[in-house]
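Reading the structure
Take a look at the letters that make up each chain.
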Amino acid sequence: MLTGAGNGYLGVTPPISTNESSAREKEVTGTLMEELRRQGIFESEEEAKRREIVLGRLAALVKKFVRRVSLARGLSEAAANAAGGKIYTFGSYRLGVHGPGTDIDTLVVAPRHVTREDFFTTLEEMLREMEGVTQVSGVPDAYVPIITTEISGIPIDLLFAQLALPSIPEDLDLQDDNLLRNLDDKSVRSLNGSRVINEILRLVPNVDVFRDALRCIKLWAQRRAIYSNVNGFLGGVAWAMLVARVCQLYPNAVAGAIVSRFFVIMHQWAWPQPVLLKPIEDGPLQVRVWNPKVYPQDRAHRMPIITPAYPSMCATHNVMRSTEQVMREEFQRGCNIVDQVMKGEAEWSALFEKHDFFHRYRLYLQIIASSRDQETQSKWSGTVESKVRQLVMRLEFVDNLKLAHPFIKGFDVTYYCLSEEEAQAVSRGEIPKDVAQRKQEDVAGKEGVIPVYTSSYFIGLSMKPREAGSTGTRQLDISYPTTEFYKMVKMWDKYDASSMHIVVQHIRHTLLPDYVFEPGEREAVARSKKRSRSLKDSPAPAAKRQRTEIPSRQSSTATPSRPSVSPVQALQSSSAETKASSAGTTLDDLPHKQAADTLTIAASA
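Computed from a predicted model, the values in this text were never measured in an experiment.

**With respect to the overall build of the protein chain**
A tally of helices and strands in the protein chain yields 20 helices and twelve strands. Every one of the 605 residues in the protein chain was classed for burial, and the buried ones make up 51%. Contacts spanning at least 24 positions in sequence make up 75% of the contacts within the protein chain whose residues lie at least 6 apart. Total accessible area computed for the protein chain in this model is approximately 27,500 Å², and 49% of it derives from carbon and sulfur atoms.

**As for the confidence of the model for the protein chain**
Averaged over the protein chain, the pLDDT score is 87; the fraction of residues at 70 or greater is 86%. Scored below 50 in pLDDT, residues 1-5 makes 14 contacts in the model with residues more than four places away or belonging to other chains. Considering only residues more than four positions removed or in separate chains, one finds that residues 572-600, a stretch of pLDDT under 50, has 66 contacts.

**With respect to the packing of helix α9 (residues 255-268) against helix α11 (residues 321-343)**
Interhelical geometry of α9 versus α11 gives an angle of 145° and a closest axis separation of 8 Å. Crossing of α9 over α11 shows left-handed handedness. Here Val-259, Ser-260, Phe-262, Phe-263, Val-264, Met-266 and His-267 of α9 lie close against α11, whose contacting residues are Phe-331, Gln-332, Gly-334, Cys-335, Val-338 and Met-342. Along the lines of polarity and charge, the residues of the contact of α9 with α11 split into nine nonpolar, four polar and no charged.

**Examining the environment of Glu-329**
Tracing the backbone through its elements, the reader meets Glu-329 in helix α11. Sequence spacing of Glu-329 and His-267 is 62 residues, and the spatial spacing of their C-alpha atoms is 8.4 Å.

**Quick look at the pairing of strand β6 (residues 363-371)**
Extensive coverage of β6 is indicated by the burial of nine of its nine residues. The side-chain alternation of β6 yields two buried faces, one formed by Leu-363, Leu-365, Ile-367, Ala-369 and Ser-371 and the other by Tyr-364, Gln-366, Ile-368 and Ser-370. Here nine bridges tie β6 to strand β9 (residues 450-463), and the two strands are oriented antiparallel to one another. Its bridge partner lying in β9, Gln-366 is registered against Phe-458. Sheet topology note: the β6/strand β11 (residues 501-508) ladder contains eight bridges and is antiparallel. Bridge assignment links Leu-365 to a residue of β11, and that residue is His-506.

**Brief notes about the packing of aromatic side chains**
Using the criterion set out here, one finds 26 aromatic pairs in the structure. Taking 5.9 Å as the distance between ring centres and 50° as the angle between the ring planes, the aromatic pair formed by Trp-269 and Trp-271 counts as tilted. Aromatic pair Phe-357 and Tyr-364: ring centres 5.6 Å apart, planes at 65°, arrangement edge-to-face. Ring pairs connect the aromatic residues Phe-357, Phe-358, Tyr-361, Tyr-364, Phe-407, Phe-411, Phe-458, Tyr-515 and Phe-517, which therefore count as one cluster.

**What about the nonpolar core?**
The biggest cluster of nonpolar side chains holds 105 residues, and the ones touching the most others in it are Ile-200, Phe-210, Trp-220, Trp-239, Phe-262, Phe-263 and Phe-358. The greatest single-element share of this core, amounting to ten residues, is contributed by helix α8 (residues 236-249). Each residue touching Phe-210, except ones within four places of it in the same chain, is listed here: Leu-95, Ile-200, Leu-201, Val-204, Ala-240, Val-243, Ala-244 and Cys-247.

**Focus: unusual backbone geometry**
The residue after Trp-271, namely Pro-272, is reached through a cis peptide bond having omega 10°. The residue Pro-272 is located in the loop between α9 and α10 (296-299) in this model. Located in the positive-phi region is Ser-152, a residue other than glycine, with phi close to 50°. Structurally, Ser-152 is set in the loop between β4 (146-151) and β5 (154-162). A residue is classified by how much of its surface remains accessible, and Ser-152, at 31% relative accessible area, is partly exposed.

**With respect to the pattern of salt bridges**
Throughout the structure, instances matching the rule amount to 34 salt bridges. Arg-428 is paired through a salt bridge with Glu-430; the nearest N and O atoms lie 3.2 Å apart. Taking relative accessible area as the criterion, Arg-428 reaches 42% and is therefore assigned partly exposed. By relative accessible area, which is 44% here, Glu-430 ends up partly exposed.

**Observations regarding helix α13 (residues 374-395)**
For α13, which comprises 22 residues, the first-to-last C-alpha distance of 30 Å matches the rise-based estimate of 32 Å (1.5 Å per residue) to within 8%. The largest bend in α13 comes to about 30°, at Lys-387.

**Here we look at the sheet that holds strand β1 (residues 86-90)**
Taken in spatial order, the five strands line up as β1-β2-β5-β4-β3 in an open sheet, and their pairing is mixed. A strand with exactly one partner marks an edge of an open sheet, and here the two such strands are β1 and β3 (133-139). Across the sheet, the axes of successive neighbouring strands diverge by a mean angle of 25°, strand direction being ignored. Note that β1 and strand β2 (residues 104-110) share five bridges and pair antiparallel. If you follow Phe-90 over to β2, its bridge partner there is Asp-105.

**A closer look at the side chain of Asn-198**
By the secondary structure assignment, Asn-198 is in helix α6 (residues 185-202). Exposure remark for Asn-198: the relative accessible area of 18% places this residue in the buried category. Among the polar contacts made by the side chain of Asn-198, one reaches the side chain of Gln-175 at a distance of 3.0 Å. Setting aside anything within four residues of it in sequence, one finds Asn-198 in contact with Arg-94 and Gln-175.

**With respect to the packing of α8 against α9**
At a minimum axis separation of 10 Å, α8 and α9 run at an interaxial angle of 105°. Relative to α9, α8 is oriented roughly perpendicular. On α9, the residues that touch Trp-239, Leu-242, Val-243, Val-246, Cys-247 and Leu-249 of α8 are Ile-258, Arg-261, Phe-262, Ile-265 and Met-266. Classifying every residue of the contact of α8 with α9 by side-chain character gives ten nonpolar, no polar and one charged.

**Observations concerning the pairing of β9**
Taken across its 14 residues, β9 has 13 buried, putting it largely inside the fold. Here strand β8 (residues 411-417) pairs with β9 via seven bridges, running antiparallel. Looking across to β9, one finds that Thr-414 is bridged to Tyr-453.

**Considerations on helix α1 (residues 23-38)**
Taking 1.5 Å per residue, 16 residues should reach 22 Å; α1 reaches 23 Å between its end C-alpha atoms and fits that length. On its buried face, α1 sits against α7 (207-223), α9 and α11.

**Quick look at the environment of Gly-84**
By the secondary structure assignment, Gly-84 is in the loop between α3 (77-82) and β1. Between the alpha carbons of Gly-84 and Val-109 there is a distance of 9.1 Å; along the sequence they are 25 residues apart. When neighbours within four sequence positions are excluded, Gly-84 is seen to be in contact with Lys-63, Val-66 and Ile-168.

**As for the environment of Glu-385**
Tracing the backbone through its elements, the reader meets Glu-385 in helix α13. When its relative accessible area of 21% is taken as the criterion, Glu-385 is described as partly exposed. Put simply, Glu-385 and Ile-367 are 18 residues apart on the chain and 9.1 Å apart in space, counted from C-alpha to C-alpha. If we ignore the near neighbours within four places in the chain, the residues touching Glu-385 are Val-230, Asn-231, Ile-408, Lys-409, Gly-410 and Tyr-457.

Reading guide: rules and limits
- Here the residue numbering is sequential within each chain, running from 1 through the sequence in written order.
- pLDDT decides what is reported in this predicted model: residues at 70 or higher carry local features, side-chain atom pairs at 80 or more are listed and counted, and totals for whole chains, interfaces and linings draw on all residues regardless.
- Each side-chain value is derived from all of the structure's non-hydrogen atoms; neither hydrogens nor water enter the calculation.
- Secondary structure elements are taken from DSSP: a helix is a run of H or I of four residues or more, a strand is a run of E of two residues or more, and numbering for both begins at the N terminus.
- The buried label applies to any residue whose accessible area, calculated with a 1.4 Å probe on protein chains only, is under 20% of its type's maximum; exposed applies above 50%, and partly exposed to all values in between.
- By definition in these notes, contact holds between two residues if any of their heavy atoms fall within 4.5 Å.
- We get accessible surface area from the Shrake-Rupley algorithm with a probe of 1.4 Å; when it comes to residues, only the shown protein chains can shield them.
- For every residue, the predictor assigns a confidence score, pLDDT, that lies between 0 and 100.
- The convention used is that axes are lines fitted to C-alpha atoms, helices contributing only their stretch in contact, and that angles between N-to-C directions extend from 0 to 180 degrees.
- Crossing chirality is assigned from the near helix's rotation relative to the far helix, an anticlockwise turn below a right angle marking it left-handed and a clockwise turn marking it right-handed.
- Classification convention: Asp, Glu, Lys, Arg as charged; Ala, Val, Leu, Ile, Met, Phe, Trp, Tyr, Cys, Pro as nonpolar; all other residues, Gly among them, as polar.
- Note on pairing: two strands pair once DSSP finds at least 2 bridges between them.
- By convention, a stacked pair of Phe, Tyr or Trp rings (six-membered ring in the case of Trp) has centres within 6.5 Å and planes under 30 degrees apart, an edge-to-face pair has planes over 60 apart, and any other such pair is tilted.
- Throughout, nonpolar core names a set of buried Ala, Val, Leu, Ile, Met, Phe, Trp, Tyr and Cys residues whose side chains join them through atoms within 4.5 Å.
- We define a salt bridge as a contact between a side-chain nitrogen of Lys or Arg and a carboxyl oxygen of Asp or Glu at a distance within 4 Å.
- Multiply 1.5 Å by the residue count of a helix minus one, and that product is the helix's expected span.
- What is called the bend at a residue is the angle between a pair of axes, fitted to the seven residues leading up to and ending at it and to the seven starting from it.
- Polar contact criterion, stated in full: a pair of N or O atoms within 3.5 Å, where within protein one must be able to donate a hydrogen and the other to accept it, and residues adjacent in sequence count only if both atoms are side-chain atoms.
- The labels follow the angle: roughly parallel below 35 degrees, roughly antiparallel above 145, roughly perpendicular from 65 to 115, and oblique for the rest.

Quick look at the structure:
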């Protein structure tokens, strides 16, 4: 076993327990794996082979790309051929926990004469010309610049690192810290994606147990809509590090036991105490290492989870007050459910129930990015999505607003307009009913059809409770956050006011578009609420009404059975801080439980 700091164990503290799992824990691990198979998270053998073929084609394309740029820079034919160029996978694919349809995170490594500009021009164009490619979109201004593409049905996320080497050898080891010399911050961040995954796999006591537990946590986070680094939640690497840390604390436990302890520990964790897989290392290179004692911005991180590869960075710098609160609630919900699973009172399927984001709030913000060209829209929507988090951060300072909850993905819809007036209305976010219902086959063969491509992003808004004795209409003034958001997205150097449109509008939950719901979902929830209201009005005893009304909801105040000494108390010195951190808003305090309130929105146009 690899040990940490020469102490005979993995991680920054000794294990909480080195005991083997109980018979019950082994039993629930078996049922967990059965449930994961029922959920369809394992890819087929056919898709696995297709991924290998796509990666082989991509590796060959990268070599051609480096050779083409090398010749353009004046290198000889021999030097251009020897310049190399390699790809490295990371993320869920490298971890071995990817599922059907998931993307492959891929790093393109190039020699010093191949620039990031070449990556976003030459390689992007070569991808467009590649057989089987159906989508290519570059976001060069992102915190980690990225090209997203799809090759033969396999989604690929491409990052780029320009190394200070004249050529890229076939046996290049990315774990060599000296490779970071003379690199810019974006290359270091891109390179660290692969380096971090390799370190995580080295730092877990049992890779198979880690993978099984991580598959469970990934599925749970995706179903509960808290899996998105760009929108202020946790991304795949952060979730992997949390699971890896629990594996270190229980090195001989089976996957079901790891999942159970994951929720207990994360529910009680005293954020902003950082999660570390190994001690932070200093190095000889002039690169920044996460250090809250030195850097004020590091002290501002709300849920720091620190990458194990040098230079250590915070993988969760995007987490905001609102998203932290949502995740705390989900940790509590998961803790309650898994405790019931261990007692035999619930099934694993309860853990993976779909989120209720579009039923949870009375009021939402809808951000609509649109254009009339599909390629333009791909770049424009990516830019807008990368800035939604900035809007949420500004909304958190609005008076009377308790929570600004961003949804983890956008919705792409194409509208087929028959006139300029219809197209302009769509770009303003005013979708005529007949346009909304019009399908592509309805306009086949017609002249003058104007397709308008839209991407919508949603933020759920929760009002603070009324102060005792207050009356009248409360003002929710979002003019400043929205004005700043408009300015921010329009500062993109490729922004074109004539072809790219952006609108932010508030929308009641009853007017949410149908495309955010699964077929039949909206009607089923409406029927459920109607039944609940009728039960409230019935003469049945109050206690019985409550049980009938919400049979599947876990009590937000219930305390799951735990050891007499909390695992987190064994890790953290401040138990009082832990208790305080879990005493905030609970699931039963969600906005749809609050009394109706008249809102006036003051938003800039």
